[in-house]
Every structure is written in structure tokens, then in C-alpha cells.
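Next come the chains, spelled out residue by residue.
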Amino acid sequence: MTIKRDQAKQQDSSSVTQDEFLVTPDKDVEPVLSVVMPTLNEEEGIVECIDRIKTAIDELCIPTEIIISDSSTDSTPELARERGAIVVTPDREGYGYAYRYAFNQARGEYIAMGDADTTYDFEQLPRLLTPVQNGDADICMGSRLDGEIRDGSMPKLHQYVGNPLLTRFLNTFYGAGVSDAHSGFRVFTKDALETLELTTTGMEFASEMVMKAGANDLTITEVPIIYHEREGEETLNSFRDGWRHVRFMLVNAPDYLFSYPAVALVSLGVIVMALSLSGITAGGVNFGLQTMVGGSLLSIVGYQIWTLALFSAIAADPIREPKSALIGTVRDRFQLETAASIGVVITGIGMIYLVGVFIQWLIAGEPALPSAMATLLASTGIIMGIQTIFGSFFMSMLADRSSSN
């Protein structure tokens, strides 16, 4: 089925002539704009997309090259070449890698990207290029969620749950301040591309670009666009690709993945244990041995997560560096001997108490309930102390490895 749109320019391949401002490999002209599209069996939409790009080029009147990063088994590359596009073949699989492979060969001062399935109207390129060309933004993105999403162009789950939720996560973690983080219709400068140093190969490529732009304080602006129904077969897997985005965002934001949950768990655990030791009743809840066990578990788990935050701060190179003051202080001033000594002291205090309880038990029998809760507190301290000792040695190993690299 072919989608008919307003002002669509469908032409037979034999009647297509070379546009004045379109750069081909045979022309010794340096392009100002490079338009990049990844393709995987897009024969149903590639002709319309290229024709719409040519309409935008006629309006812009700047030398432009169209680069198709193709991994197709159908007639997509032949159709693209017939219309003057440069076709390159990535040597690896992956949506993100297809873009990166083509970006390395793009010569334009400005680069536009978009899918070749007719969902994006490339005649709107001038609207996205203008703020970048005027220096008002490093990246301009077309916002589907602020614009219009045509019926049948996007699953309702993506429109009302997936894209808004992922955008909210990305804005919270990385301060990007965008309305549609996963729109694939974008224009940016070559300098911005070099600053981003993109590395991903899959669908998370869209997230990586916005995340690194936010982390590097690049200016992102958006313009509302119309999102159309696609031509050809859908290649996106909603849950698999959505999870790849979420996973990539979390592993590159260690504060949100480790530090903040750790602080919350330890704080809650300490409060619960303190209330349990006091034996008070609050809101109909009797704090005693059972709640003491819960508080102990929360504290131990929270502390373990916090040590993971420390390890990641030393060994990893996340997009968003951890800003937790405590993490930064320990990382910058860490000394194996000091940290291990603290662990030994904590463990020693707990062990001294437990030895005393054991002696009391040998002499007088089972200790009273308050003593049992104090025993649990001492046991919690021993566990956390041992974690500190061995964690300190592991941190030292990570620090040595990091400095040697």
C-alpha cells in the first residue's frame, strides 16, 4: 500500500533529473549539508524520502549530499543510487552502527538524520536546519509528541506510555529538557557530533545522542513535526528496544542506579532499627525484634548498593558522572589503609559485643529480648564492617587498574 500525502512528489525513476544542489560522488563540490538515512529493506519508502529531501534542498539552495547507510537485501540501494544518493554498506549490524558508519563519511558542516520509512517528512528539513545554522542550537530535533501523530503511525503504547516515560527518565537523569527524546528526525553540527563521541550500535543510539548532549551542555531545541504512517515492515521490537534504552540510561547514571537508592535504604533501615531499639509504638505499629530484622536487612542491602556506587565511580566511565558528595569525597580521598582500618574497628566492636553475649549465654542461658536486638545490631555492624574491609581492597585494585590505563 502506498500512502498519499499532500504535495507528495512521486516520480518514475527514468524521469528523475539531477538537482542543481545535490552532490554526487562525481561532483567535486564540498557539501554544506549531509542527509543520512539508515536502510534495511526500505524499497517502499526510499523513493519518496529522497524526493522530499530534494524538495528541501531546492528550498535551502545549499550543496547537499544524501548518504544511504544500507543493509538491505531488496532493491533499496539501486533505487537510492538512481536518485543520486551515495550508498554505503556498514561492515557491522545495528541501527546505531549504520548511522555512525555513515557519519564518518559525511562531509557536510551540518548533518541531518532520519528514517527512510516515510514517517518523517524531509520537506521540513529547513525548519530543523535554521536554528542550527543560525547558531541558536547545536542540535535541533523534530518533536512528534509536541506536533501531530497521524492515525496508525505510532502504537498507542508508544505514544502514551513508552516515549513519554523514556523521555521523562532521560530528562531527569541527564537534564536534556526535551519533549520527545526518541524522535529520529534531527539536525546537528559536525562539531557537535565530534563532541558527542557516539559509541552505541543498537536502538539506544537515539538515547545516547541526547544523553551526551545534555551531559556536555550542548544546546538542544525542538520544532513540532507531523509523524506519518510508515511504508514497509516494522523493525522495532517494543519491549526489547525499550529495555535497551532504559538499561543504557541507568548504567550511565550511577547516582540514580546506585547512590540515591542506597541512601534511601540505609536511612530507612537506621530509622527502623532506632525505633525498634526504643520499643515504641507508632501508628499502631509495635517496633520490636521483627522490625529490627527488617531495619537490619535494609541497612545491609543499602550499604552493599552504596559500595557498588563507589566501585562504578572508579572503574566505569559513565556519561553522567556521579555527583553524590559522599561518593566524590570517598573516591577522591580514598586510601586503602584508612578504609580497611574503619572496617576493622566496626567489625571489632561488633565482635567484642557478641563475645560478651556468648559468655553471658554460657553462664546465664538465653539472653533477654533487648539483648537479642542489640545482638542483631552488633551482627549488622560486623557484616558491614567486613564488607568495608574487603570492599576497600577491591577499590584499591580498581584504582590501580584505572591509573595504569
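Computed from a prediction, not measured in an experiment: that's the story for all the values here. Every chain begins its residue count from 1, and numbering advances along the sequence as written. Local features in this predicted model are restricted to residues whose pLDDT is 70 or higher, and side-chain atom pairs enter the listing and the counts only when it is 80 or higher, whereas totals over whole chains, interfaces and linings include all residues. The basis for every side-chain value is the complete set of non-hydrogen atoms in the structure, without hydrogens or water.

**A look at the packing of aromatic side chains**
What counts is decided by this rule: Two rings from Phe, Tyr or Trp (for Trp, the six-membered ring) form a pair when their centres are within 6.5 Å of each other. A pair whose planes differ by under 30 degrees is stacked, one over 60 is edge-to-face, and the rest are tilted. Helical segments are the DSSP runs of H or I of at least four residues, strand segments are the runs of E of at least two, and each set is numbered from the N terminus. Only protein chains enter the calculation, and the probe is 1.4 Å; a residue is then buried if its accessible area is under 20% of its type maximum, exposed if over 50%, and partly exposed in between. Criterion for a charge above a ring: Lys NZ or Arg CZ within 6 Å of the ring centre, and within 35 degrees of the ring normal.
Applying the stated criterion across every chain yields a total of 15 aromatic pairs. Geometrically, the ring pair formed by Phe103 and Phe188 is edge-to-face, given 5.6 Å between the ring centres and 85° between the ring planes. Placement of the pair is Phe103 in helix H3 (residues 95-103) and Phe188 in strand E7 (residues 186-189), with a sequence separation of 85 residues. You'll find Phe103 and Phe188 in the same group, each marked buried. Through a chain of ring-to-ring contacts, the aromatic side chains of Tyr95, Tyr99, Phe103, Phe188 and Phe205 assemble into a single cluster. Over the ring of Tyr97 we find Arg92, and its NZ or CZ is 4.8 Å from the ring centre. Here the guanidinium or amino end of Arg144 rests over the ring plane of Tyr227, the centre of that ring lying 5.1 Å away.

**Some remarks on the pattern of salt bridges**
Definition in use: Salt bridges are defined as contacts in which a side-chain nitrogen from Lys or Arg sits within 4 Å of a carboxyl oxygen from Asp or Glu.
Tallied over the full model, the rule gives 12 salt bridges. Across the pair Asp51 and Arg83 runs a salt bridge, and its minimum N-O distance is 3.8 Å. With a gap of 32 residues between them, Asp51 in helix H1 (residues 46-60) and Arg83 in the loop between helix H2 (76-82) and strand E4 (86-88) connect regions that are remote in the sequence. Of the charged contacts, one joins Arg230 and Asp117 as a salt bridge, the two residues approaching to 2.7 Å between their closest N and O atoms. Residue Arg230 is found in the loop between strand E8 (220-227) and helix H8 (238-251), and its partner Asp117 is found in the loop between strand E5 (110-113) and helix H4 (125-133); the two are separated by 113 residues along the sequence. No difference in accessibility class separates Arg230 from Asp117, as the two residues are buried. One network of salt bridges, in which partners are shared, links Glu48, Arg52, Asp121 and Glu123.

**Digging into the confidence of the model for the chain**
Convention followed: Every residue is assigned a pLDDT by the predictor, reflecting its confidence on a scale from 0 to 100. A contact between two residues is defined here by any heavy atoms of the two lying within 4.5 Å.
Considering every residue of the chain, the mean pLDDT works out to 85; 86% of them sit at 70 or more. The low-confidence segment residues 1-18, where pLDDT is below 50, has 33 contacts with residues more than four positions distant or belonging to other chains.

**Concerning the environment of Ser299**
Secondary-structure assignment places Ser299 in helix H10 (residues 289-315). It is 9.6 Å that separates the C-alpha atoms of Ser299 and Ile271, two residues lying 28 residues apart in sequence. Discounting chain neighbours no more than four positions away, the residues touching Ser299 are Leu265, Val266, Gly269, Val270, Met273 and Met384.

**As for the environment of Ala399**
With respect to the secondary-structure elements, Ala399 resides in helix H13 (residues 369-404). In this structure the C-alpha to C-alpha distance between Ala399 and Ala313, which are 86 residues apart in sequence, comes to 9.9 Å.

**Here's the deal with the pairing of E7**
The side chains of a regular strand alternate, first on one face of the sheet and then on the other. Stated precisely, the cut-off is as follows: Whether two strands pair depends on DSSP finding at least two bridges between them.
Burial along E7 is two-sided: Arg186 and Phe188 and Val187 and Thr189, pointing in opposite directions, are all buried. Of the strand pairs in this sheet, E5 and E7 are connected by four bridges, and their pairing is antiparallel. Opposite Ile111, over in E7, you have Phe188 as the bridge partner. With three bridges connecting them, strand E6 (residues 139-149) and E7 associate as antiparallel partners. Across the sheet, Met141 pairs through a bridge with Arg186, a residue of E7.

**Some words on the pairing of E5**
By the alternation rule, side chains of E5 split into Tyr110 and Ala112 and Ile111 and Met113, which are all buried. Relative to E5, strand E2 (residues 33-39) runs parallel, the two being bridged by four bridges. Bridge pairing in E5 places Val36 opposite Met113.

**Regarding the side chain of Arg186**
Selection rule: Think of a polar contact as two N or O atoms within 3.5 Å of one another; within protein, one of them needs to be a possible hydrogen donor and the other a possible acceptor, and neighboring residues in sequence only count if both atoms come from side chains.
Topologically, Arg186 is positioned in strand E7. In terms of polar contacts, Arg186 uses its side chain to reach the backbone carbonyl oxygen of Ala206, at 3.2 Å. The residues touching Arg186, leaving out its near neighbours within four places in the chain, are Ile111, Ala112, Met113, Leu128, Cys140, Met141, Ala181, Ala206, Met209 and Val210.

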